[in-house]
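# Remarks on the overall topology
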Amino acid sequence: MSDSDVTRVARGVMELVLRHQRKGQRTGNCALTPCPDCRDAHLARVERYVAAGEPVRFVLPAFPGKSPNTAKVLGFLPDKAEQLALEFLSGLTADIREVYAPGAEILICSDGRVFSDAVGIPDEHITAYQREMQALIDALPRPSGIGLFNLEDLPELAGLGHDRMREILSERYAEPLEQLRKRVRAGEEAPLYRAITRFLFEDGNTPEYTGSRAALQRDARARAYVVIQRSKAWGDLLADRFPGALRLSIHPQPCGAEKLGIHLVRTPDNWLTPWHSVALDTGDGGYVLVKRSEAEARGAELVRAGGRPSHYALTEPLAPATAAA
């Protein structure tokens, strides 16, 4: 394949991915979709895979485990929300195969074990969630191009307790918390810090919580730094483990960033994810992610599958503005 053909194919791959971009701060050409600036920031990595005739590899730190707040989710196991997200990713790899025969591989690097203690999810729930995630991946049409990777899949951590795994990750890769606090106070990663704080506050604001909102907010702010610290450590580990792979993110990313934000399922905002929500059948042949309390407030009916709660369905179609991506 000539250099010009390599570039042409690589651009085609990136344009397919960028159709689903979860954008953050917009600059330059980022008001356009696909965004040329975001495409070109990752183009060289895709070109290397295409020139070698290898599947384009993406890593996606995501699918950590369900929120512990049952006002947002149906339980601690994956459900229709995760299934829809996995079907989207599998469909994306199929689309890429149409323009580049070797296709693409998307490795989901589940980060639940990395910070489960900081977000209030028991490790046994993380284990059960990961087991069911693998079952959903195994049920995808082949070839799906989707894989799953967890902290305990590292050979050097085999047989260790979960707390020790997290300690080793932090020892090897974590930024000192005080340094992270200084960067956030200076405005770096402030949107991410605010979003994580909001998620942690919501997750802790359950009917069982008996403390004050102010105390819960303080606790959420402190834990948000730990979550960001560990997430960044996990990202650095993945960069070492999978050099050359393109990094996807479930968070909005600024134009041309090293990480590329991606939407998995339609959402009413730019931050909601399958593990902080439920899938709502909108009655028009599609789904949107919403919090469980919102689905129930709209009078949606609970749908069960395989003997477990799966998602909600509206008896009347959702208003177009609410279902916007």
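Structure shown above.
Because the structure is a prediction, the values reported are computed rather than measured.

The subject of this paragraph is the overall build of the protein chain. Counting secondary structure elements, the protein chain contains 10 helices and 9 strands. The principal-axis extents of the C-alpha atoms in the protein chain amount to approximately 65 × 50 × 40 Å. Classification of the 325 residues of the protein chain by burial places 49% in the buried group. Sequence-distant contacts, at least 24 apart, represent 70% of the contacts inside the protein chain between residues at least 6 apart. Put simply, the protein chain shows about 14,600 Å² of open surface, and 50% of that area lies on carbon and sulfur atoms. Charge separation in the protein chain, taken as the distance between the mean sites of 41 positive and 43 negative side-chain charges, equals 4 Å.

Next up on the list: the nonpolar core. Side chains of a nonpolar character, in soluble globular proteins, are inclined to be buried together. Within the largest apolar cluster, 88 residues are counted, with the highest numbers of intra-cluster contacts made by Phe58, Leu60, Phe63, Leu89 and Leu264. For this core, the leading source of residues is helix α9 (residues 213-241), giving 11 residues. Val278, Val288, Ala300 and Tyr312 belong to the second largest nonpolar core, which has 9 residues in total.

Here the focus is the pairing of strand β8 (residues 301-305). Relative to strand β9 (residues 308-313), β8 runs antiparallel, the two being bridged by 5 bridges. Residue pairing across strands places Ala305 opposite Arg308, the latter belonging to β9. Counted along the chain from β8 to the antiparallel partner β9, the turn is 2 residues long, and its residue Gly306 has a positive phi close to 60 degrees.

We now examine helix α6 (residues 162-173). Across its 12 residues, α6 extends 17 Å between first and last C-alpha, which sits within 8% of the 16 Å expected from 1.5 Å per residue. All buried positions along α6 are accounted for by Met165, Arg166, Ile168 and Leu169. The arc enclosing the buried residues of α6, seen along the axis, measures out at 160 degrees, which places them on a common side. Structural note: α6 exposes Asp163 and Glu171 on the side pointing more than 90 degrees away from its buried face. The inward-facing, buried residues of α6 abut α4 (112-119), α5 (123-138) and α9.

A large share of strand β1 (residues 56-62) lies buried, amounting to 6 of its 7 residues. For β1 and strand β2 (residues 104-110), the ladder comprises 7 bridges, and the chain directions are parallel. Bridging from a neighbouring strand, Val56 pairs with Ala104 of β2. Regarding the hand of the β-α-β motif, the stretch spanning β1, helix α3 (residues 80-99) and β2 is right-handed.

It is worth spelling out the environment of Glu156 at this point. As for its position among the elements, Glu156 is in the loop between β3 (146-149) and α6. For the pair Glu156 and Ile168, spaced 12 residues apart in the sequence, the C-alpha separation amounts to 10.0 Å.

On the secondary structure map, Glu175 appears in the loop between α6 and α7 (177-185). At a separation of 2.9 Å, a polar atom in the side chain of Glu175 contacts the side chain of Arg183. Apart from the residues lying within four places of it in its own chain, the contact partners of Glu175 are Leu180, Arg183, Gln229 and Lys232.

Glancing now at unusual backbone geometry. In the segment running from Arg142 into Pro143, the intervening peptide bond is cis, with an omega of -5 degrees. Position of Pro143 among the secondary structure elements: in the loop between α5 and β3. A positive phi angle is found at Phe63, which is not glycine, with a value near 50 degrees. Mapped onto the elements of the fold, Phe63 is located in the loop between β1 and α3.

What follows covers the sheet that holds β3. Taken in spatial order, the 5 strands of this open sheet run β3-β2-β1-β4-β5, and their pairing is parallel. What marks the edges here is a single partner per strand, and that holds for β3 and β5 (260-261).

So, how was this worked out
Residues numbered from 1 in each chain as written. Predicted model: local features only at pLDDT ≥ 70, side-chain atom pairs only at ≥ 80, totals over all residues. Heavy atoms only, no water. Helix = DSSP H or I, 4+ residues; strand = E, 2+ residues; numbered from the N terminus. Buried < 20%, exposed > 50% of the residue type's maximum accessible area, 1.4 Å probe, protein only. Contact = heavy atoms within 4.5 Å. Areas by Shrake-Rupley, 256 points an atom, 1.4 Å probe, with all protein chains shown as cover. Lys, Arg positive; Asp, Glu negative; His and termini not counted. Charge placed at Lys NZ, Arg CZ, Asp CG, Glu CD. Core = buried A, V, L, I, M, F, W, Y, C linked by side-chain atoms within 4.5 Å. Pairing = 2+ DSSP bridges. Expected span 1.5 Å × (residues − 1). Arc of directions from axis to C-beta. Right-handed = clockwise from strand over helix to strand, strands pointing away. Polar contact = N/O pair within 3.5 Å; in protein donor to acceptor, adjacent residues only side chain to side chain.

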